[in-house]
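# Analysis of the macromolecular model
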Amino acid sequence: CMLDREKQTISFSKNGRDLGVAYKLSPDMQGIGLKPHICGKGFMAAAKFDGPMEYPVEGYVPVGEIDPTHTPQGTSQAKGKRPPLCMILEPTRDLAEQTYKCMTTFNKYLDNPTVRITLFVGGIDEKEQFRALEEGVDIVVGTLQKLMDYVRRGKLDVTHLKFLVLDEADDLQKKDDRKEIPRLNAQIKRGRRDRVQTLFFSATLHTPEVKQMIEDITDRPIWVDLKGKDSVPETVHHVALYIDPYQDLQWSDQEIAVRAKMPKEQPELDGVHSKQSMSAIDSRHPEALKLSEKIKIMKPKMAWKPRDVKCLLLCFATAGRQRQVQDSARRCIYYLNMIEANRRKAI
């Protein structure tokens, strides 16, 4: 694949045989940075971006050997306003600052050309943020409210964005009472022919509201589920107790309650299993919800029995849902404390 910036053409060759011009770039794409991509599904591909090429073409340079000063970033590296190429939205200031710190850490390894990153949250001197926008910035990180304020005031140009990232998308959707995200998306893509990649990140993207937002602002979205490899340090001696809802516990409630004098006491649940599910899988397998509810009841009972452990670790999924995790942990700890307190009274 060969790009001729002077003639504004894209042509192809195969094994040294010229296949001719495939595309002619329109004038509005002359200032846009073009990147090589291999698109498709269900296959593996390898690409070579630097020399020596097996079938070199006279007048063309491998993309990996292009002088950085010949890139859109390089031509405006010294001075002059350059609009951002990536916008990362966060639901809270703390998350925005955390993401910004990560980006600046990564940026230490990018020096040719450098990548300019700016944080936009409340409590920061606006003069510094205006100065950064005037000097040019590649990536903007901030809260939805602050970034939209700059867009409405005409201080932040979003017409050249290539990437729109919505981190903790479920929380962003819940806090977007004024429907700013669809308006921002429309402003980014207004009158453009090139593609803007929109990325959603969250532990829970399958709620009806988030699904609707994804359908509204994306085209043919692809879902990617990630799960890391489980690991425990060698210095930690541990036992994993797996709860099997098909099997009852080896001890009865009476064995626990006979010391606590609370034979009818049961762990408090969050009520999620009693609500109507929007999942087609749940409707086809209603017994799965009952088993899941049973697991929630069995966990604190299982945790109470081995009272001689030095450390009890309660695991609740998932990252990005602190409130739900805290509620689940609070209910479990309350039950354990209540049982233990009554056991001591009985003794």
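Residues numbered from 1 in each chain as written. Predicted model: local features only at pLDDT ≥ 70, side-chain atom pairs only at ≥ 80, totals over all residues. Heavy atoms only, no water.

Labelled according to an unreviewed UniProt entry, the chain appears under the name ATP-dependent RNA helicase, originating from Durusdinium trenchii. In its Sequence similarities (unreviewed entry) section, the UniProt record describing the chain reads: "Belongs to the DEAD box helicase family." (UniProt positions renumbered as here; feature names shortened; annotations may be inferred.)

Let us look at the sheet that holds strand 3 (residues 17-24). Within the open sheet, the three strands sit side by side as 1-2-3. Their pairing is antiparallel. Two strands close off the open sheet at either side, each with one partner strand: strand 1 (2-4) and strand 3. Put simply, the sheet's adjacent strands are angled 25° from each other on average, direction ignored. (Pairing = 2+ DSSP bridges. Helix = DSSP H or I, 4+ residues; strand = E, 2+ residues; numbered from the N terminus. Axes fitted to C-alpha atoms, helices over the stretch in contact; angles between N-to-C directions.)

This brings us to the packing of aromatic side chains. According to the stated counting rule, one finds two aromatic pairs in the structure shown. The interplanar angle of 75° and the centroid separation of 5.3 Å between the aromatic rings of F120 and Y150 together place this pair among those described as edge-to-face. Highlighted residues: F120 in strand 5 (residues 117-120) and Y150 in helix 4 (residues 144-152), separated in sequence by 30 residues. When sorted by exposure, F120 lands in the same class as Y150, which is buried. Measuring from ring centre to ring centre gives 5.4 Å for F130 and Y150, while their planes differ by 45°; the resulting arrangement is tilted. Residue F130 is located in helix 3 (residues 126-135), and its partner Y150 is located in helix 4; the two are separated by 20 residues in the primary sequence. With relative accessibility at 23%, the residue F130 sits in the partly exposed group. Taken together, the ring pairs connect F120, F130 and Y150 into an aromatic cluster. Directly above the aromatic system of F130 lies the positively charged group of K155, at a separation of 5.0 Å from the ring centroid. (Phe/Tyr/Trp six-rings, centres within 6.5 Å; stacked < 30°, edge-to-face > 60°. Buried < 20%, exposed > 50% of the residue type's maximum accessible area, 1.4 Å probe, protein only. Lys NZ or Arg CZ within 6 Å of the ring centre and 35° of its normal.)

A few words now on the sheet that holds strand 8 (residues 197-201). Read across the open sheet, the five strands follow the order 5-6-4-7-8; overall the sheet is parallel. At either end of the open sheet lies a strand with only one pairing partner, and these are strand 5 and strand 8. Geometrically, the sheet is characterised by an average inter-axis angle of 15° between neighbouring strands, direction not taken into account. Across four bridges, strand 4 (residues 86-90) lies against strand 7 (residues 163-167) in parallel orientation. In the sheet register, L89 faces strand 7, and the bridge partner there is L166. Each of strand 4, strand 5 and strand 6 (139-143) is contacted by helix 4, which is oriented at about 120° to strand 6, the strand it contacts most. (Contact = heavy atoms within 4.5 Å.)

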